[in-house]
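Chains, contacts and geometry: an overview
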Amino acid sequence: MVVMDMLPQELIDAILDELASDAEALKSASLVCRAFYPRCQKLLFSAVTLEPKESSTHNPALSFRTLLGSTTISRLVNSLTIYNFTRGRTSWFSQDRDVIPGILSTLPNLRELMLSGRHYDRRWDGSSDMNASLCASFSRPRVRSLTLVYMSFLQPSDFALLLSNSPDLTSLRLLNVYISDQFTMQLPVPEYEGVKRSKLRTLAIQNVPLGLLDILRSTVDLSALRKLQFWSDHGDQSGHSSDSSKLPTSLRTSSFMVLLPPPTDSISLTSRASSATLATSIAWLTSTAC
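Let us look at the structure shown here. (Residues numbered from 1 in each chain as written. Predicted model: local features only at pLDDT ≥ 70, side-chain atom pairs only at ≥ 80, totals over all residues. Heavy atoms only, no water.)

**Focus: the environment of Ala 47**
Here Ala 47 lies in strand β1 (residues 47–50). Taking relative accessible area as the criterion, Ala 47 reaches 47% and is therefore assigned partly exposed. Counting along the chain gives 65 residues from Ala 47 to Glu 112, while the straight-line C-alpha distance between them is 8.9 Å. (Helix = DSSP H or I, 4+ residues; strand = E, 2+ residues; numbered from the N terminus. Buried < 20%, exposed > 50% of the residue type's maximum accessible area, 1.4 Å probe, protein only.)

What follows is the structure in structure tokens.
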């Protein structure tokens, strides 16, 4: 490895960066020489996805927790995605009280988190309920970007608990997020005094009940909002009117519409959305204290 010893580490890192999208190549390269190992490890573990087989009832986070306990890779993880494909309130996800919360507490540099449940003919059976233990664990990592897809909460207070424990959050995506027990919608939501409110700059909402939006409005700071994406495929169920003059100052110079289909990296704005749905989204913002 005399030749490798003559190359500056910066050049070696730049070469290995070209393999960032090829996990197998990075695994092989990490075994070539010691100079390759740190960069390969960083690239391999900067973004981690835990995705079990659809037929599996095993918690995929168990193995990852074991790995974190025996290595030093925890500081390398910047992005974490966890999928849950199980059904029913006895799913590993809804029953987990310590595995995922424990993982979050050991990732000091975690900045992006995505949790995704399964979607099947819109029946919400609690399989992807975010329990109170998980919601409370968000106070440990400094997550700045949170995406919830096909997730649910047993009761509204759990949603408020999650937001109150995410002071560094600047980007939030709620896509098909529900309350699995509708009877709890009438329960009072506790107010968390003295808690630093996250100041959102980006907010995307799809098919979220107004009850959760009310909690979101009262729990986070929307005064710095720069990008709002609001769309629904269920139709609007509200008769709110809108007044764009009451929008946050940061949004008055920005045009936004309901997006169809859901946003991707290259999505463009469209004016095909119903005026009723757009009116509802604006009305929701107009009642926000800026």
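**Side note on the environment of Leu 174**
Position of Leu 174 relative to the elements: it lies in strand β6 (residues 171–175). The class for Leu 174 is buried, based on a relative accessible area of 1%.

**Concerning the pairing of strand β3 (residues 112–116)**
Sheet analysis places strand β2 (residues 79–83) next to β3, joined by 5 bridges and oriented parallel. Counted as the bridge partner of Leu 80 is Leu 113 from β3. In the sheet, β3 pairs with strand β4 (residues 145–149) via 5 bridges, with the strands oriented parallel. If you follow Leu 115 over to β4, its bridge partner there is Leu 148. (Pairing = 2+ DSSP bridges.)

**Quick notes on the side chain of Ser 94**
Mapped onto the elements of the fold, Ser 94 is located in helix α6 (residues 92–95). The contact partners of Ser 94, leaving out residues within four places of it in the chain, are Gly 88, Arg 89, Gly 126, Ser 127, Asp 129 and Asn 131. (Contact = heavy atoms within 4.5 Å.)

**A word on the sheet that holds β2**
Strand order in this open sheet of 7 strands is β1-β2-β3-β4-β6-β8-β9, and the pairing throughout is parallel. In the strand order of this sheet, the two ends are held by β1 and β9 (227–231), each with one partner. Taken pair by pair, the neighbouring strands of this sheet meet at an average axis angle of 5°, ignoring direction. (Axes fitted to C-alpha atoms, helices over the stretch in contact; angles between N-to-C directions.)

**Considering the pairing of β4**
A regular strand places its side chains so that they alternate between the two faces of the sheet. Most of β4 sits out of view: 4 of its 5 residues are buried. The sheet contact formed by β4 and β6 spans 5 bridges and is parallel. Paired with Ser 145 across the strands is Ser 171, a residue of β6.

**Observations concerning helix α5 (residues 61–70)**
If you check which residues of α5 are buried, you get Ala 61, Phe 64 and Leu 68. Along the long axis of α5, the arc covered by the buried residues comes to 60°, so they all point the same way. For α5, exposure combined with an orientation more than 90 degrees from the buried face picks out Ser 63, Thr 66, Gly 69 and Ser 70. The secondary structure elements touched by the buried residues of α5 are β1, β2 and α7 (99–105). (Arc of directions from axis to C-beta.)

**Focus: the pattern of salt bridges**
Evaluated as defined, the whole model comprises 5 salt bridges. Here Lys 27 makes a salt bridge to Glu 24, at a shortest N to O gap of 3.3 Å. Of this pair, Lys 27 and Glu 24 both sit in helix α3 (residues 23–29), 3 residues apart, which is roughly one turn of the helix. Here Asp 214 makes a salt bridge to Arg 217, at a shortest N to O gap of 3.6 Å. Pair noted here: Asp 214 and Arg 217 are both in helix α10 (residues 210–219), with a separation of 3 residues, about one helical turn. Overall, the relative accessible area of 25% leaves Arg 217 in the partly exposed class. (Salt bridge = Lys/Arg side-chain N within 4 Å of Asp/Glu carboxyl O.)

**Quick word on the packing of helix α2 (residues 9–17) against helix α4 (residues 37–45)**
Following both chains from N to C, one finds α2 and α4 inclined at 35°, their axes separated by 9 Å at the closest point. In the packing of α2 onto α4, the handedness of the crossing is right-handed. Taken together, the residues of α4 that come into contact with α2 (itself represented by Asp 13, Leu 16 and Asp 17) are Arg 39, Cys 40 and Leu 43. Classifying every residue of the contact of α2 with α4 by side-chain character gives 3 nonpolar, no polar and 3 charged. (Left-handed = near helix turned anticlockwise from the far one by under 90°. Nonpolar A, V, L, I, M, F, W, Y, C, P; charged D, E, K, R; others polar.)

**Examining the nonpolar core**
Formed by 52 residues in total, the largest nonpolar core has its most connected members in Leu 80, Leu 115, Met 130 and Leu 216. If sequence neighbours within four positions are ignored, Leu 80 has contacts with Val 48, Leu 50, Phe 64, Ile 103, Leu 104, Leu 107, Leu 110, Glu 112, Leu 113 and Met 114. Formed by 8 residues, the second largest nonpolar core is a distinct cluster that contains Ile 12, Ala 29, Phe 36 and Leu 43. (Core = buried A, V, L, I, M, F, W, Y, C linked by side-chain atoms within 4.5 Å.)

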